[in-house]
Amino acid sequence: MIKLDITKVAPFVSAETVNALSARVAEAQKSLEQGTCPGNDFLGWLHLPSGITPEFLADIKATAATLRSECDAVVVAGIGGSYLGAKAVIEALSNSFQWLVGSNGPAILFAGNNIGEDYLSELTTYLKGKKFGVINISKSGTTTETALAFRLLKKQCEEQMGKDVARKVIVAITDAKRGAARTCADKEGYKSYVIPDNVGGRFSVLTPVGLLPIAVAGFDIDQLVKGAQDMEKTAAAPFAENPAAQYAAARYALYTAGKKIEILANYQPKLHFIAEWWKQLFGESEGKDGKGIYPASVDLTTDLHSMGQWIQEGERTIFETVISVEQPEHKLLFPSDDENLDGLNFLAGKRVDEVNKMAELGTQLAHVDGGVPNIRIAIDRLDAYHLGQLIYFFEKACGIHCQLLGVNAFNQPGVEAYKKNMFALLGKPGYEKETEAIKARLK
Ligand code: PA5
């Protein structure tokens, strides 16, 4: 089970201050559980893990098996919550040199998360002549980035493989009724999955949105779900035994003490995209009404040689949350060297991970001395089971913390601002008035 250590926030906010929040945290948990919080029509994620059945997982695995047997590559088209969870888990579980060593299944590629012409051009060039499938993921079914990529990929897939095969290797994950992705899936007869109405994008990794791409990549979705199920129980416990509740309380105490930026740090490069997923989860859920902790991230020790200076001595408005993996999957010892020209014989015979752990400990002490509160989240191993735990842990903590902040965790009204301007600039039908207004502003 995840171990949470908040003792290193004590020099900045006392344990009493954090514990004093337990009653408010309990209220927050109750308002989630009883559906009385703002955005209460989006609470489906709360009991998602325990509601997942073996039949549902078998269906996902069967679809994944079809894509794995039919395709050399599978492109996952989606953005935000329709992309980051799958990307995060796949990166965390894959070989660091996957693109060189290959895998025993199709290459998993991502699109629809940007509008880079070079990106899409290079992707479609790579796919030329290949047997590829597409998982088109969009809850609204109308997101421009994803729809653009899907239009290109659908056409290419049909041209290269014929319409009948394309129908077998294109899968849609979208709303039950609404949106262009649903209309297209129904018309073409694609295999499709429904994103439940009451689960928002950034809380959807344990729906087909995350589970199907992860299964196509060959990873163990049974264990991922099992980890989330176990954490669902733990994160429902009273404050003293509930790491998600304690993490939320520590964050809130730090925020009210002026620590407005949280830096999620890892010491395993494979966790880079877990941080990207976490940033979206917390950033889009909290950042509204002029409130919210700004979620940032670093990969360590890499970024100690770039952001380390800022963290050590910059403005003291930050705190750090470290994800630490107790046991690496591999064992590698530093060799001894007769000449010892690099002076590293004092490390001979030690595991690389021992050095990494000492870097982590040394950094924690230095940062705390430098005025940076430290929260530590330890997981035993970087495997599907522990990632399942970590995902649900963060979701629950996010839900609780948003109640403490007094914001609706489950909407994202601010995301519309750029879309409105972009559509006005592009002259989208229906935006005539906005087009006129924006052109006048730009004169
Ligand atoms: O968390 C969210 O709701 C968003 O980040 C969405 O996931 C993102 O905007 C993509 O939306 P959609 O799935 O409708 O294409």
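Computed from a predicted structure; not experimentally measured.

1. Things to note about the overall build of the protein
Secondary structure assignment for the protein yields 19 helices and 10 strands. The principal-axis extent of the C-alpha atoms belonging to the protein is close to 60 × 60 × 55 Å. Across the 443 residues that make up the protein, the buried fraction comes to 51%. Relative to all contacts within the protein whose residues are 6 or more apart in sequence, the contacts with residues 24 or more apart total 79%. Surface accessibility of the protein: about 20,100 Å² in total, with carbon and sulfur atoms responsible for 55%. Between the centroid of the 47 positive side chains of the protein and the centroid of its 53 negative side chains there is a distance of 6 Å.

2. Brief notes about the site of the ligand
In the vicinity of the ligand, 13 residues are found, and the nearest of them are Ser 82, Ser 138, Ser 140, Thr 143 and Gln 280. For the ligand, an oxygen atom lies 2.6 Å from a polar atom in the side chain of Ser 138. Here an oxygen atom of the ligand and a backbone polar atom of Gly 201 are 3.4 Å apart. Considering the ligand on its own, with 380 Å² of exposed area, one finds that the protein chains cover 87% of that surface.

3. As for the pairing of strand β10 (residues 374-381)
In terms of strand pairing, strand β1 (residues 3-5) meets β10 through three bridges, oriented antiparallel. Bridged to Leu 4 within β10 is Ile 377. The sheet contact formed by strand β9 (residues 318-327) and β10 spans seven bridges and is parallel. Looking at the pairing, Glu 320 lines up with Asn 374 of β10.

4. Structural notes on the sheet that holds strand β7 (residues 261-266)
Strand pairs in the sheet, formed through backbone hydrogen bonds, run parallel or antiparallel to each other. Taken in spatial order, the five strands make up an open sheet running β1-β10-β9-β7-β8, and their pairing is mixed. Looking at strand neighbours, the two that pair on one side only are β1 and β8 (294-299), the edges of this open sheet. Pairwise comparison of adjacent strand axes, ignoring direction, gives a mean angle of 20° for this sheet. Pairing of β7 with β9 involves six bridges; the strand directions are parallel. If you follow Ile 261 over to β9, its bridge partner there is Ile 318. Against the sheet, helix α17 (residues 384-405) makes contact with β1, β7, β9 and β10, and its axis sits at roughly 150° relative to β10, the strand it touches most.

5. What to know about the pattern of salt bridges
If you walk through the whole model with that rule in mind, you get 27 salt bridges. Close ionic contact of Glu 158 with Lys 154 constitutes a salt bridge, the shortest N to O distance being 3.1 Å. You can see Glu 158 and its partner Lys 154 sitting in helix α8 (residues 144-161), four residues apart, about one turn around the helix. With a relative accessible area of 16%, Lys 154 lands in the buried category. Through salt bridges that share partners, Lys 154, Glu 158, Lys 163, Asp 164, Arg 167 and Glu 188 make up one connected network.

6. Quick notes on a nonpolar patch on the surface
On the surface, Phe 97, Trp 99, Leu 100 and Val 101 cluster together into a nonpolar patch covering about 520 Å² of accessible area. Structurally, the position occupied by Val 101 is in helix α6 (residues 98-101).

7. Re the packing of aromatic side chains
Under the criterion given, the structure shown has 16 aromatic pairs. Each residue in the set Tyr 247, Trp 277, Trp 278, Phe 282, Phe 393 and Phe 394 is aromatic and connected to the rest through ring pairs, giving one cluster. Lying over the aromatic face of Tyr 255, Lys 260 brings its terminal NZ or CZ to 4.2 Å of the ring centre. The ring of Phe 423 has Lys 428 lying over it, and the distance from NZ or CZ to the ring centre is 4.1 Å.

8. A short note on helix α5 (residues 84-93)
Counting buried positions along α5 yields nine of 10 residues, so the element is predominantly enclosed. For α5, every residue scored as buried is listed here: Leu 84, Gly 85, Ala 86, Lys 87, Ala 88, Val 89, Ile 90, Ala 92 and Leu 93. Tucked into the core, α5 has its buried residues touching β3 (107-111), α11 (208-216), α12 (221-234), α14 (272-286) and α17.

9. A word on the domain arrangement of the protein
By domain assignment, the protein separates into domain 1 (3-36 + 225-405) and domain 2 (48-219). Taking the mean C-alpha position of each, domain 1 and domain 2 sit 30 Å from one another. Listed per partner, the contact involves 22 residues of domain 1 and 24 residues of domain 2. Note on domain 1 versus domain 2: buried area summed over both sides is about 2,000 Å², and carbon and sulfur give 69% of it. Contact with domain 2 buries area across many residues of domain 1, yet Val 225, Lys 270 and Phe 273 alone supply 31% of it, more than any other trio.

Thresholds, definitions, all that
- Residues numbered from 1 in each chain as written.
- Predicted model: local features only at pLDDT ≥ 70, side-chain atom pairs only at ≥ 80, totals over all residues.
- Heavy atoms only, no water.
- Helix = DSSP H or I, 4+ residues; strand = E, 2+ residues; numbered from the N terminus.
- Buried < 20%, exposed > 50% of the residue type's maximum accessible area, 1.4 Å probe, protein only.
- Contact = heavy atoms within 4.5 Å.
- Areas by Shrake-Rupley, 256 points an atom, 1.4 Å probe, with all protein chains shown as cover.
- Lys, Arg positive; Asp, Glu negative; His and termini not counted.
- Charge placed at Lys NZ, Arg CZ, Asp CG, Glu CD.
- Near = heavy atom within 4 Å.
- Polar contact = N/O pair within 3.5 Å; in protein donor to acceptor, adjacent residues only side chain to side chain.
- Pairing = 2+ DSSP bridges.
- Axes fitted to C-alpha atoms, helices over the stretch in contact; angles between N-to-C directions.
- Salt bridge = Lys/Arg side-chain N within 4 Å of Asp/Glu carboxyl O.
- Patch = residues over 30% accessible without salt bridge, like charges linked within 9 Å, V, L, I, M, F, W, Y side chains within 5 Å.
- Phe/Tyr/Trp six-rings, centres within 6.5 Å; stacked < 30°, edge-to-face > 60°.
- Lys NZ or Arg CZ within 6 Å of the ring centre and 35° of its normal.
- Domains from an automatic or database assignment.
- Buried area = accessible area lost by both parts, 1.4 Å probe.

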